[in-house]
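Inside the fold
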Amino acid sequence: FDVTEPCIIALAVNERGEAALLRQNYVTTETYVCVAGHIKTGENAEQTVCREISEELGIEPEAVEYRNSYYYEKHDMLMLGFLAHVKKKEFELSEEVDSAAWFPLAEADLHVRQGSIAWKLIRECQEPDDEMV
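Here's what I pulled together on the structure shown here. Remember, predicted model here, so these are calculated numbers, not experimental data. All residue numbers here refer to positions counted from 1 along the written sequence of the relevant chain. Totals for whole chains, interfaces and linings use every residue, but because this is a predicted model, local features are given only for residues with pLDDT of at least 70 and side-chain atom pairs only at 80 or more, for both listing and counting. Side-chain metrics rest on all non-hydrogen atoms present in the structure, leaving aside hydrogens and water.

A short note on the overall build of the protein
The cut-off we apply is this: Strands here mean DSSP runs of E at least two residues long; helices mean DSSP runs of H or I at least four residues long; both are numbered from the N terminus. When accessible area is computed with a 1.4 Å probe and restricted to protein chains, residues below 20% of their type maximum are described as buried, those above 50% as exposed, and intermediate ones as partly exposed. Exposure was quantified through the Shrake-Rupley algorithm and a 1.4 Å probe, taking into account, for residues, occlusion by the shown protein chains and nothing else.
Along the backbone of the protein there are two helices and six strands. Along the three orthogonal principal directions, the C-alpha set of the protein runs to about 45 × 35 × 30 Å. A total of 133 residues make up the protein; the buried ones form 47% of that total. Put simply, the protein shows about 7,600 Å² of open surface, and 48% of that area lies on carbon and sulfur atoms.

Things to note about the packing of aromatic side chains
What counts is decided by this rule: A pair of Phe, Tyr and Trp rings is counted when the ring centres sit within 6.5 Å of each other, with Trp represented by its six-membered ring. The angle between the planes then sorts it: under 30 degrees is stacked, over 60 is edge-to-face, the rest tilted. Should the NZ of a Lys or the CZ of an Arg lie within 6 Å of a ring centre and within 35 degrees of the ring normal, that charge is described as sitting over the ring.
Tallied over the entire structure, the rule returns three aromatic pairs. Ring geometry for Tyr-32 against Phe-103: centres 5.1 Å apart, planes inclined by 70°, an arrangement best described as edge-to-face. Separated by 71 residues along the polypeptide, Tyr-32 in the loop between strand S2 (18–23) and strand S3 (35–38) and Phe-103 in strand S6 (residues 99–104) bring together distant segments of the chain. Accessibility assignment for this pair places Tyr-32 and Phe-103 in one class, buried. Both rings, one in Phe-91 and one in Trp-102, keep their centres 5.0 Å apart while their planes meet at 20°; by these two values the pair is stacked. Taken together, the positions of Phe-91 in the loop between strand S5 (77–86) and S6 and Trp-102 in strand S6 put the pair 11 residues apart, joining distant regions of the chain. Over the ring of Tyr-32 we find Arg-23, and its NZ or CZ is 4.2 Å from the ring centre.

Examining the nonpolar core
We count it as follows: The term nonpolar core refers to a set of buried residues drawn from Ala, Val, Leu, Ile, Met, Phe, Trp, Tyr and Cys, joined through side-chain atoms within 4.5 Å. For this analysis, residues touch if any pair of their heavy atoms sits within 4.5 Å.
The biggest cluster of nonpolar side chains holds 23 residues, and the ones touching the most others in it are Ile-9, Leu-11, Leu-21, Cys-34 and Ile-122. Contributions of two or more residues to this core are made by strand S1 (5–14), S2, S5, S6 and helix H2 (117–126). At six residues, H2 tops the list of elements feeding residues into this core. Every residue in contact with Leu-11, bar those within four places of it in the chain, is listed here: Ala-19, Ala-20, Leu-21, Cys-34, Phe-82, Leu-83, Ala-84, Leu-105, Leu-121, Ile-122 and Cys-125. Ranked by size, the runner-up nonpolar core spans 20 residues in total, among them Val-33, Val-35, Ala-45 and Phe-82.

Looking at a negative patch on the surface
Which entries qualify depends on this criterion: Each patch groups residues whose relative accessible area exceeds 30% and which form no salt bridge, using 9 Å between like charges and 5 Å between nonpolar side chains of Val, Leu, Ile, Met, Phe, Trp and Tyr. Whenever Lys or Arg places a side-chain nitrogen within 4 Å of a carboxyl oxygen from Asp or Glu, that contact is recorded as a salt bridge. In this charge count, Lys and Arg are treated as positive and Asp and Glu as negative; neither His nor the chain ends contribute. Just so you know, the charge point we use is NZ for Lys, CZ for Arg, CG for Asp and CD for Glu.
Together, Asp-2, Glu-5, Glu-73 and Asp-76 make up a region of like negative charge exposed at the surface. Among the secondary structure elements, Asp-2 is positioned in the segment before S1.

Describing unusual backbone geometry
The backbone of Asp-76 shows a phi angle near 50°, a positive value even though the residue is not glycine. Tracing the sequence through the fold places Asp-76 in the loop between strand S4 (63–72) and S5. For Asp-76, a relative accessible area of 34% puts it in the partly exposed group.

Regarding H2
Counted residue by residue, H2 has seven buried out of 10 residues, so it is predominantly covered. Inspection of H2 places Ile-117, Ala-118, Trp-119, Leu-121, Ile-122, Glu-124 and Cys-125 among the buried residues, and these make up the whole buried set. In this structure, the buried residues of H2 make contact with S1, S2, S4 and S5.

As structure tokens, this is what we get:
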């Protein structure tokens, strides 16, 4: 059987309804992306979300909720998508992150590549839960 690599992608949203998006120049210099990363041995997906947001943005999630899964064909990965609830604070960026910014959740999809997994996750987080597929 083929084995795909499980990873997470997470949208961090604060109490003001703002989404944290980051820029990693090795990924793109034109648009922003969501926090993403590989699930390490011994971690569950929720722990990975908390670790990645903490490492990349310097913010500790208060709660995370699963939203959807996405197959990322380019790297043969299964991306598990989460919404992470955080408190707004100044970013403490890792060396992997070139910049980050807060955007109103209603406009966050305009700052990522249209059709990307980040775009799909943001759009799903903009909708009420009862509209989830």
